[in-house]
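# Descriptive analysis of the structure
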Amino acid sequence: MTPSTILAPPSTPHRPLLRSPFLNPTPLRATTTSIQTQRRRFRVSIPRSSATPSDQPSVAAASPPPDVFGGPKELTGIQPLVEKLSPPLRLASSAIIFAGAVAAGYGLGSRFGQTRNAALGGAVALGAAGGAAVYALNACVPDVAAVELHNYVAGNDDPKAVKKEDIEGIAKKYGVSKQDEAFNAELCDLYCRFVSTVIPPGSEDLKGDEVDTIVSFKNSLGIDDPEAAAMHMEIGRRIFRQRLETGDRDGDLEQRRAFQKLIYVSTLVFGDASSFLLPWKRVFKVTDSQVEIAIRDNAQRLYATKLKSVGRDVGVDQLVILREAQRVYRLSDEHAADLFTEHTRKLVEQHISAALSIIKSRTRAGQGMTKVVEELDKVLSLNNLLISLKSHPDADRFAPGVGPVSLFGGEFDGDRKMDDLKLLFRAYVTDALSGGHMEENKLSALNQLRNIFGLGKREAEAVVLDVTSKAYRRRLSQAVTGGQLEMADSKAAFLQNLCDELHFDPQKASQIHEEIYRQKLQQCVADGELSEEDVAVLLRLRVMLCVPQQTVEAAHSDICGSLFEKVVKEAIASGVDGYDADVKQAVRKAAHGLRLTRETAMSIASKAVRKIFINFIKRARAAGNRTETAKELKKLIAFNSLVVTELVADIKGESSETPPEEPKKEQEKQVEEDEEWGSIQTLRKIKPDKELVAKMGKPGQTEITLKDDLPERDRTDLYKTYLLFCLTGEVTRIPFGAQITTKKDDSEYVLLNQLGGILGLTSKEIVEVHRSLAEQAFRQQAEVILADGQLTKARVEQLNQLQKQVGLPSEYSQKIIKNITTTKMAAAIETAIGQGRLNIKQIRELKEASVDLDNMISESLRENLFKKTVDEIFSSGTGEFDEEEVYEKIPADLNINVEKAKGVVHELAQSRLSNSLIQAVSLLRQRNRQGVVSSLNDLLACDKAVPAKPLSWEVPEELADLYTIYVKSEPAPEKLSRLQSLLGISDSTAATLQEMGDRVLSFGAEEEKFVF
């Protein structure tokens, strides 16, 4: 166990420290009589007043117990005699005693010894005894002075009555110094006892007057600071020993707090000198932080005690006194500000708790809300006072922490208490609006109250909006009932003035007007229709509340629309067999009695009907085969004809027997399309004659469709599925894997036409479906007929017959035929190019025959054909290279990039140039003159494409032979000159070779023979 643990903060509540006796400090006075004393404490009353800054706390010590410093001490031996002697008299007596002893010794020695030496010996002996007596008399003087000092201090009822002059008089009386060991020890013992008594026990807090009391007593005793500091350290040792002796947890905590208070009081007593007078760290092994914590905690407790005198009426004088106390207590500004803020928060929390207890009381009287507001006004008053003090000119002299009140970190800081604060805030808003208007000062008070409560802006606005909305409704009801609103010249100005008085948002007021209108509308349509009287009432209400037409229409659409939607759903749910006269009457009554516009009624009905249509479509898609899908689509068509068509007619107020009028423009467009596609049989069948129409009954409605609910591809797929069903008929499977196809009459095409209307397909989209099927059928048969790609006269007649049978227009059939033949031809052309059976000449002939080679032959294949053509030019043996032909015409015929073509030519020319020379030498050695000439011409052709530098060869004679052979072929002069330059032959050598001619060749041949 180390002494540093004494300063650790306590973790459990304190209990009063047992009063154990203090032992006299042994090192101070070993000869002092041991007197059993107990540690006592006396109270020092300090009356405080915050009325005026000049009223300083006065200390009046109560009468201490008689044994605070121990009982009076008694004198023993010769001490009473010494007490009676004054210093001069004591000195005279000492001299007389010593002189008498010497004289007596001398007389006795002379008398009995009869010699001078005996007389001197007797004088010395009795003189020594007399000196000893004199020494004993003077040696007990400090002890006598210490006893008198003790009795003097112990004899005073009030330690403050001890005067420095009296103590100095005692020391002067006995002629002793305060530095005398016995006298100083008594001073230290008295000071130690006093300090131990003044500092409260471990469980009690300091009162704030301990430092002044100790300093005053220390000054009265006249004890020096180092000696007084030693007594403080001695008290610390006693506390530490008592802590070791106690051994229990509670006692340990009490001694720890006592030690902390000792450190704090000692630091204040000695001020700045405490850092070297009080070696806490060295003696008790404590750290600087532990010392700082002890000082901080006790300063906070003292300052908190000082703050208890601060109430809601805090003034400038109190704040100045608090600032001075803070400095005396050596408390930092930060901690002082926290304590002041906490104190003001607790004051506010008291008022808030009182207000909550009133507002939550079930038995509160009618004046309860008034008391709640009064408590909140007190909170606001304190907040305003602190805000004004914060901006005071002398604010720097005030205690730190003066400012707006906040509940942060207190009892009401948390989500659990937020509802209670909202309840109080609502109560204050309600009181502010109790007079029917909101004053400006109330708005400022609400903002301050919101900041104090820590409410968010949205939370506070929600509460204010709720209360203000109720107040606005109340004022509006009074204005309507009293007739003021109706008599007002300008309803809008009246309502705006009402919003201004309540500080209410006009937009929120408009929402309330809309809500009132909707409530009235719901009351009027409770019986399922709006009468003329109801319409007049609604119109009057709309005018008074200035409800916009758009809002009125939206309200009618929502409220009346929901009622009408219910009727429509019931009508649809009745099904094909249940749509009778009663249902028709209910629909007509709802459509016209609810005063809905035709567009609104149709929109509501369309929404409900389309949901049913989607259900039919889902079942059709889930069907296993085309026949089952067609059956589901038939149910959809029947539902549309028998239920939806009747529903639409009832909504419009028309008879279902009256055929719908079709726009003239649509008819004109359809006439033009009929002329173009009239040859397609399936398209003709969906528009049957009058007899079939009469047989099938009335057509279905086309106003409610699935155009916006399904993508175009899904709608065309469903239409195409039913069209295929019309073409193939119903397929019935029988045992053994066989099936029977039952053809239908043209009535299926009438249903197909109705399905197109339900799906929302336009005439163009329908024609596209029929055309695609006709093209598909024609293409399948035409591909069989044109399997080899050859188009003969018999096949043309067969295709024309197929075209008439399918009903496809001639231009589309020809396009399909051309596509098939082109595809077959393209395959043949690609095969020919791959096998090398097609050259540029044939390509040009095909282009002249209007064959689209660009689409038939891929670009890579055309590039390969160009490369092959250029390679043929470089290996033709003519020595010719036409740049216009190679760089312009051939790329244009093959439709390839010109720059890319030039790159191919240059690459081939560079590679063929050296190869042509090697090939010419090889043919020379084979004595193939014609081959040599061809190879040299190829060399010249490559040189024309890419001009080359003179070529080198290991055997120059062979180059000469090549030149000689080329000369004999009678070439053009420019070719011969360019070959001479390429072979590196000089003009003189060339002339010599031209003269020698065959002789050189024959000689070369014989030499070659000889070599071999």
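Please read all numbers here as calculations on a predicted model, not as lab measurements.

### What about helix H32 (residues 747-758)?
The end-to-end C-alpha distance of H32, which contains 12 residues, comes to 17 Å, matching closely the 16 Å that a straight helix rising 1.5 Å per residue would cover. Within H32, 11 of the 12 residues are buried, which leaves the element mostly enclosed by the surrounding structure. Taken as a whole, H32 has its buried residues at Ser747, Glu748, Tyr749, Val750, Leu751, Leu752, Gln754, Leu755, Gly756, Gly757 and Ile758. One or two steps after H32, the chain reaches Gly760, where phi turns positive at roughly 75 degrees.

### Some thoughts on the pattern of salt bridges
A side chain with one charge may pair with a side chain of the opposite charge, provided their charged atoms come close. Summed over all chains, the structure comprises 34 salt bridges. One salt bridge in this structure joins Arg475 and Glu501, with 3.0 Å as the shortest N-O distance. Remark: Glu501 occurs in helix H20 (residues 491-502) and Arg475 occurs in helix H18 (residues 457-482); sequence separation between them is 26 residues. By relative accessible area, which is 24% here, Arg475 ends up partly exposed. Relative accessible area serves as the criterion here: at 29%, Glu501 is assigned to the partly exposed category. Salt-bridge contacts for Arg610 lead to Asp709; the nearest nitrogen and oxygen are separated by 2.9 Å. Residue Arg610 is located in helix H26 (residues 598-622), and its partner Asp709 is located in the loop between helix H30 (690-696) and helix H31 (712-728); the two are separated by 99 residues in the primary sequence. Of the residues examined, Arg610 reaches a relative accessible area of 22% and is grouped as partly exposed. Exposure remark for Asp709: the relative accessible area of 33% places this residue in the partly exposed category. Among the charged side chains, a salt-bridge network with shared partners connects Lys584, Arg588, Glu646 and Asp650.

### Thoughts on the packing of aromatic side chains
In this structure the tally under the stated criterion is 8 aromatic pairs. Between Phe259 and Phe284, the ring centres sit 5.0 Å apart and the planes meet at 70 degrees, which makes this aromatic pair edge-to-face. Here Phe259 is found in helix H9 (residues 249-270), whereas its partner Phe284 is found in helix H11 (residues 280-284), with 25 residues between them in sequence. Exposure remark for Phe284: the relative accessible area of 3% places this residue in the buried category. Through a chain of ring-to-ring contacts, three or more aromatic side chains come together here, namely Phe259, Trp280 and Phe284.

### Observations concerning helix H15 (residues 368-390)
Helical geometry: 3.6 residues make up each α-helical turn, so side chains three or four residues apart lie on a common side. In a regular helix each residue adds 1.5 Å, so 23 residues correspond to 33 Å; H15 covers 34 Å between its end C-alpha atoms and thus fits that length. By the burial criterion, the buried members of H15 are Gly368, Val372, Val373, Glu375, Leu376, Val379, Leu380, Leu382, Asn383, Leu386 and Leu389. Contact partners of the buried residues in H15: helix H13 (316-328), helix H14 (333-359), helix H16 (415-432) and helix H17 (440-453).

### Thoughts on the side chain of Thr267
Here Thr267 is to be found in helix H9. For Thr267, a relative accessible area of 7% translates into the label buried. Apart from residues no more than four positions distant in its own chain, Thr267 is found in contact with Ser274, Leu278, Ile295 and Arg330.

### What about the state of the cysteines?
Formally, a disulfide is one covalent bond, and it connects the sulfur atom of one cysteine to the sulfur atom of another. What the rule picks out here adds up to 0 disulfides. There is no disulfide at Cys560, and the cysteine sulfur nearest it, in Cys524, is 9.4 Å away.

### With respect to unusual backbone geometry
A negative phi holds for most residues other than glycine; trans holds for most peptide bonds. You will see that Lys285, though not glycine, has its phi angle at about 60 degrees, which is positive. Here Lys285 shows up in the loop between H11 and helix H12 (288-307). In this structure Lys285 comes out as exposed when scored by relative accessible area, which is 55%. For Cys546, which is not glycine, the phi dihedral falls at a positive 55 degrees. Looking at the secondary structure, you find Cys546 in the loop between helix H22 (532-545) and helix H23 (549-573). Given a relative accessible area of 38%, Cys546 falls into the partly exposed group.

### Some words on the confidence of the model for the chain
Looking at the chain, the pLDDT average stands at 76 and 75% of residues meet or exceed 70. Low confidence marks residues 662-678, where pLDDT is under 50. Its contacts with residues over four positions away, or in another chain, come to 15 contacts. Low pLDDT (under 50) marks residues 998-1012, which in the prediction has 11 contacts with non-local residues, meaning those over four places away or in another chain.

### Details of the environment of Tyr749
With respect to the helices and strands, Tyr749 occurs in helix H32. Taking the C-alpha atoms as reference, Tyr749 lies 6.7 Å from Cys726; in sequence the two are 23 residues apart.

### What to know about a negative patch on the surface
Residues Asp882, Glu883, Glu884 and Glu888 make up a contiguous surface patch of negative charge. Mapped onto the secondary structure, Asp882 falls in the loop between helix H38 (859-874) and helix H39 (883-894).

### Regarding the packing of helix H21 (residues 506-524) against H22
Packing of H21 against H22 brings their axes to within 10 Å, and their N-to-C directions diverge by 175 degrees. For the element pair H21 / H22, the angle class is roughly antiparallel. Between H21 and H22, the residues in contact are His513, Ile516, Tyr517, Lys520, Leu521 and Cys524 and Asp534, Val537, Leu538, Leu541, Arg542 and Leu545, respectively. A per-class count over the contact of H21 with H22 returns 8 nonpolar, 1 polar and 3 charged.

Conventions adopted
Residues numbered from 1 in each chain as written. Predicted model: local features only at pLDDT ≥ 70, side-chain atom pairs only at ≥ 80, totals over all residues. Heavy atoms only, no water. Helix = DSSP H or I, 4+ residues; strand = E, 2+ residues; numbered from the N terminus. Expected span 1.5 Å × (residues − 1). Buried < 20%, exposed > 50% of the residue type's maximum accessible area, 1.4 Å probe, protein only. Salt bridge = Lys/Arg side-chain N within 4 Å of Asp/Glu carboxyl O. Phe/Tyr/Trp six-rings, centres within 6.5 Å; stacked < 30°, edge-to-face > 60°. Contact = heavy atoms within 4.5 Å. Disulfide = S-S within 2.5 Å. pLDDT = per-residue confidence, 0-100. Patch = residues over 30% accessible without salt bridge, like charges linked within 9 Å, V, L, I, M, F, W, Y side chains within 5 Å. Areas by Shrake-Rupley, 256 points an atom, 1.4 Å probe, with all protein chains shown as cover. Lys, Arg positive; Asp, Glu negative; His and termini not counted. Charge placed at Lys NZ, Arg CZ, Asp CG, Glu CD. Axes fitted to C-alpha atoms, helices over the stretch in contact; angles between N-to-C directions. Parallel < 35°, antiparallel > 145°, perpendicular 65-115°, else oblique. Nonpolar A, V, L, I, M, F, W, Y, C, P; charged D, E, K, R; others polar.

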